[in-house]
Amino acid sequence: MSLITSDGILLRSHQYSESSRILRFLTPDLGIVSLIGKGMRTRGARGEASIQTFGEGSITFLYKPERDLHTLREIHPREGSLALGRGVKRFVGASLVAELLLSHNLEEGDRALYEWIRTVLHNLATAEESEVLTWVLAGGWRTLAELGFPPRLSECVRCDRDLSDSEAEVIGEGRLFRFDVGAGGVICAQCGKDTALPRVGPSALRDLEVLVEGRAPSTLRGSSAHLSLLERYAEHHLSPRRGFRSFASLRPLLNKTEESGYR
Ligand SMILES: [Zn+2]
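Worth saying up front: this structure is predicted, and the values here are computed from it rather than measured.

Conventions adopted
Residues numbered from 1 in each chain as written. Predicted model: local features only at pLDDT ≥ 70, side-chain atom pairs only at ≥ 80, totals over all residues. Helix = DSSP H or I, 4+ residues; strand = E, 2+ residues; numbered from the N terminus. Contact = placed C-beta atoms within 7 Å. Pairing = 2+ DSSP bridges. Axes fitted to C-alpha atoms, helices over the stretch in contact; angles between N-to-C directions. Parallel < 35°, antiparallel > 145°, perpendicular 65-115°, else oblique. Left-handed = near helix turned anticlockwise from the far one by under 90°. Nonpolar A, V, L, I, M, F, W, Y, C, P; charged D, E, K, R; others polar. Buried ≥ 20, exposed ≤ 12 C-beta atoms within 10 Å, placed from the backbone. Expected span 1.5 Å × (residues − 1).

Visitor: Tell me about the overall build of the chain, residues and numbers included.
Guide: Counting its regular elements, the chain contains seven helices and eight strands. Contacts in the chain between residues far apart in sequence, at least 24 positions, make up 62% of those at least 6 positions apart.

Visitor: Lay out the sheet that holds strand S6 (residues 177–180) with the relevant residues and their values.
Guide: On the basis of which strands lie adjacent, the open sheet formed by three strands has the order S7-S6-S8 and antiparallel pairing. A single partner strand is all that each edge strand has here, and the edge strands are strand S7 (185–187) and strand S8 (199–200). Across two bridges, the pairing between S6 and S8 is antiparallel. The residue of S8 that forms the bridge with Phe177 is Val200.

Visitor: Which residues make up the packing of helix H1 (residues 88–103) against helix H2 (residues 111–126), and what values go with them?
Guide: Contact geometry of H1 with H2 gives a least axis separation of 9 Å together with a crossing angle of 165°. The pairing of H1 with H2 is recorded here as roughly antiparallel in orientation. Considering how the two elements wind past one another, H1 and H2 form a crossing that is right-handed. Touching Arg90, Gly93, Ala94 and Val97 of H1 are Ile117, Val120, Leu121, Leu124 and Ala125, all from H2. The residue makeup of the contact of H1 with H2, split by class, is seven nonpolar, one polar and one charged.

Visitor: Let's hear about the environment of Gly243: which residues, and what values?
Guide: Within the fold, Gly243 resides in the loop between helix H6 (223–238) and helix H7 (245–250). Given 13 C-beta atoms within 10 Å, Gly243 falls into the partly exposed group. For the pair Gly243 and Glu231, spaced twelve residues apart in the sequence, the C-alpha separation amounts to 9.4 Å.

Visitor: I'd like a rundown of unusual backbone geometry, residues and numbers included.
Guide: With the exception of glycine, the majority of residues adopt a negative phi angle, and the majority of peptide bonds are in the trans configuration. Phi at Phe54 takes a positive value of approximately 75°, unusual for a residue other than glycine. Its location among the elements puts Phe54 in the loop between strand S3 (31–38) and strand S4 (56–63). Within the chain, Ser239 stands out as a residue other than glycine whose phi angle is a positive 30°. Here Ser239 lies in the loop between H6 and H7. A count of 9 C-beta atoms within 10 Å places Ser239 in the exposed class.

Visitor: I'd like to hear about the environment of Ile36, residue by residue, with values.
Guide: Mapping Ile36 onto the fold places it in strand S3. Through-space distance from the C-alpha of Ile36 to that of Thr71 is 5.1 Å; in sequence the pair is 35 residues apart. With residues near it in sequence (within four places) discarded, Ile36 still touches Tyr16, Ser20, Ile22, Leu69, Thr71 and Leu72.

Visitor: Any details on H2? Residues and values, ideally.
Guide: Its 16 residues place the ends of H2 23 Å apart at the C-alpha level, agreeing with the 22 Å of an ideal helix rising 1.5 Å per residue. Looking only at H2, the buried set comprises Leu113, Tyr114, Ile117, Val120, Leu121, Asn123, Leu124 and Ala125. Where H2 is buried, its residues contact strand S1 (2–17), strand S2 (20–27), H1 and helix H3 (132–146).

Visitor: How would you sum up H1? Please name residues and give values.
Guide: In an α-helix, one full turn covers 3.6 residues, which means residues spaced three or four apart are oriented alike. With 16 residues, H1 extends 22 Å from end C-alpha to end C-alpha; this agrees with the ideal 22 Å at 1.5 Å per step. A large share of H1 lies buried, amounting to twelve of its 16 residues.

Visitor: Residue-level account of the pairing of strand S5 (residues 69–77), with values.
Guide: Pairing between S3 and S5: three bridges, direction parallel. Across the sheet, residue Ile36 finds its bridge partner in S5, namely Thr71. Across six bridges, the pairing between S4 and S5 is antiparallel. Its bridge partner being in S5, Phe61 is matched across the sheet by Leu72. The hairpin formed by S4 and S5 contains five residues between the paired strands.

Visitor: Go over the packing of H2 against H3, please, and point to the residues and values.
Guide: Between H2 and H3, the shortest axis-to-axis distance is 9 Å and the interhelical angle comes to 170°. In terms of orientation, H2 lies roughly antiparallel with respect to H3. Contacts from Ala112, Leu113, Trp116, Val120, Asn123 and Leu124 of H2 reach H3 at Val132, Trp135, Ala138, Gly139, Arg142 and Glu146. Here the residues of the contact of H2 with H3 sort into eight nonpolar, two polar and two charged.

Structural data, given as structure tokens:
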């Protein structure tokens, strides 16, 4: 048993009993830790009221290596920690990224992942309204890649053929690549001939490459199709127990202009 002080990003919290809450934090060195905060029902107790979901702070807790639940002692919210409360789309987008993380048994620290989550939450909080969904997609794709599930986008996942070589003939035939969620990436025109897998056009493929790197494509078309692909990919590779709820919450928030074709 040891007393640990660490940075942490609050991913989720819920009431556990009359007087205590469970808080789940992403930390740089221990992955996700679940903490029980006793006497936290009253807002203001031990700092929780001042740390919002997706906020960052310094947390001190009693760590028992053989347990799943540790005891929270103190929270000090980070100065200037951003609020995502000013837009439901921003908040649901952050919830989506949190859901991906929480569905994975992240028991080891990963500083690169931690820094990425800080970055994407910052971008979700500060992006122009028109770019929020782009950051949700970048957040989802790069988080999946950081968790060990990067989609393969430059060669066919079935025959290893370089997709940039086959691009011209695919466009010439007016055909598109297809995305094989189970195999983990894009398949070439030959391998995709007789399949009914979702289509991915050349520009959607370029956008995907940028999103997986955690960047925002300059213009993103077909957000709704992008979101569906991310959902299918995440559900297949992380197999959450009850499915991801954030996708369904996000879909009605898409603008009509975001739903145009996927080319
Ligand atoms: Zn192929």
